[in-house]
Amino acid sequence: MTSIDFTKVWSAILQIGSISGLITLIYTVLINRKNKPGFKFGFRGSSRQTFQKDKLEYCRFDYNGIIRNKSEKPNTITSINLVVWENNKKRDKTLSFGHEPTSILDVSKNKKIRLPVNFKLKEARHFHLKYEIALTGSHDEQLIKEREPLPHSPFLSISKYDYKLIFEDVNENLFDDQGALRSREEINLWWTLPNTFKKLQNGNFLPFIKHYLHLQLVRLNFRIKRVFFNFGFQ
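Quick caveat, the model's predicted, so the values are computed rather than measured.

*Asks:* For the sheet that holds strand β1 (residues 39-53), give the residues involved together with the corresponding values.
*Replies:* The antiparallel open sheet is built from five strands, whose spatial order is β1-β2-β8-β5-β6. Of all strands in the sheet, those bounded by a partner on one side alone are β1 and β6 (111-113). If you compare each strand with its neighbour and ignore which way they point, the axes differ by 25° on average. When strand β5 (residues 103-106) meets strand β8 (residues 124-134), the two strands line up antiparallel, connected through four bridges. Residue D106 lies in a different strand from β8, and its bridge partner there is F127.

Shown next as structure tokens:
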């Protein structure tokens, strides 16, 4: 009678369990990635124009494009703001952030709507968005008026800063126009960091150090969160 090598049997069971667990994990990641929230803007056209109103200077922005819910779950957009990124690649600091649309036209239905806007799973909707920003006495005034020469055309110039769209969903996830997750808390901390400079110049280093350490902790936490988010875990 042949004896049973229980060591080999147990090893085989563990291997089967490991393979099964790996397959389950891969399946879970694939499903979660399909269900993870995300909105992306398909740009079709934009314009901006300055004008006078109530003795103040304003700028009107028009955006035409497709907003897509990338998830296989329904979601809701609660805000669509304008943003100027300090660095368009990193997109963690802003030169301007805010301004809700004054008008949202659902082009396919030819109907004006208001935020929040509900989206079905994998739904794409065509919108025409309008914004009006008061420039007089604001930090946006310089951003709007600053220009830079075109490459190889020193006599022609274009606007130096672009105003992009940024979306926030019902769960307070923040997405840029390319659909990438961004950190509102990190953006806010970079924006308020200069508030500590006056005390820093007067020799009080503590407010700056506390603020900067808090900022770095938020950055680290967000990068960890984004890794899990990209794998579909929220």
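*Asks:* Hey, could you go over the environment of K210 for me, with residue numbers and the actual values?
*Replies:* Inspection of the secondary structure puts K210 in helix α5 (residues 206-230). Using a relative accessible area of 56% as the deciding quantity, one classes K210 as exposed. A C-alpha to C-alpha distance of 9.7 Å links K210 and T196, two positions 14 residues apart in sequence.

*Asks:* Could you give an account of the nonpolar core, with specific residues and numbers?
*Replies:* Inside soluble globular proteins, nonpolar side chains tend to come together where they are buried. The biggest cluster of nonpolar side chains holds 28 residues, and the ones touching the most others in it are F61, Y63, I67, Y163 and L165. Of all the elements in the fold, those that place two or more residues in this core are β1, β2 (56-69), β3 (75-85), β7 (117-119), β8, α2 (140-145), β11 (164-169) and α5. Ignoring any residue separated from it by four or fewer positions in sequence, one finds L165 in contact with F41, Y63, I80, N81, L82, V83, L129, Y131, D176 and D177.

Thresholds, definitions, all that
- Residues numbered from 1 in each chain as written.
- Predicted model: local features only at pLDDT ≥ 70, side-chain atom pairs only at ≥ 80, totals over all residues.
- Heavy atoms only, no water.
- Pairing = 2+ DSSP bridges.
- Helix = DSSP H or I, 4+ residues; strand = E, 2+ residues; numbered from the N terminus.
- Axes fitted to C-alpha atoms, helices over the stretch in contact; angles between N-to-C directions.
- Buried < 20%, exposed > 50% of the residue type's maximum accessible area, 1.4 Å probe, protein only.
- Core = buried A, V, L, I, M, F, W, Y, C linked by side-chain atoms within 4.5 Å.
- Contact = heavy atoms within 4.5 Å.

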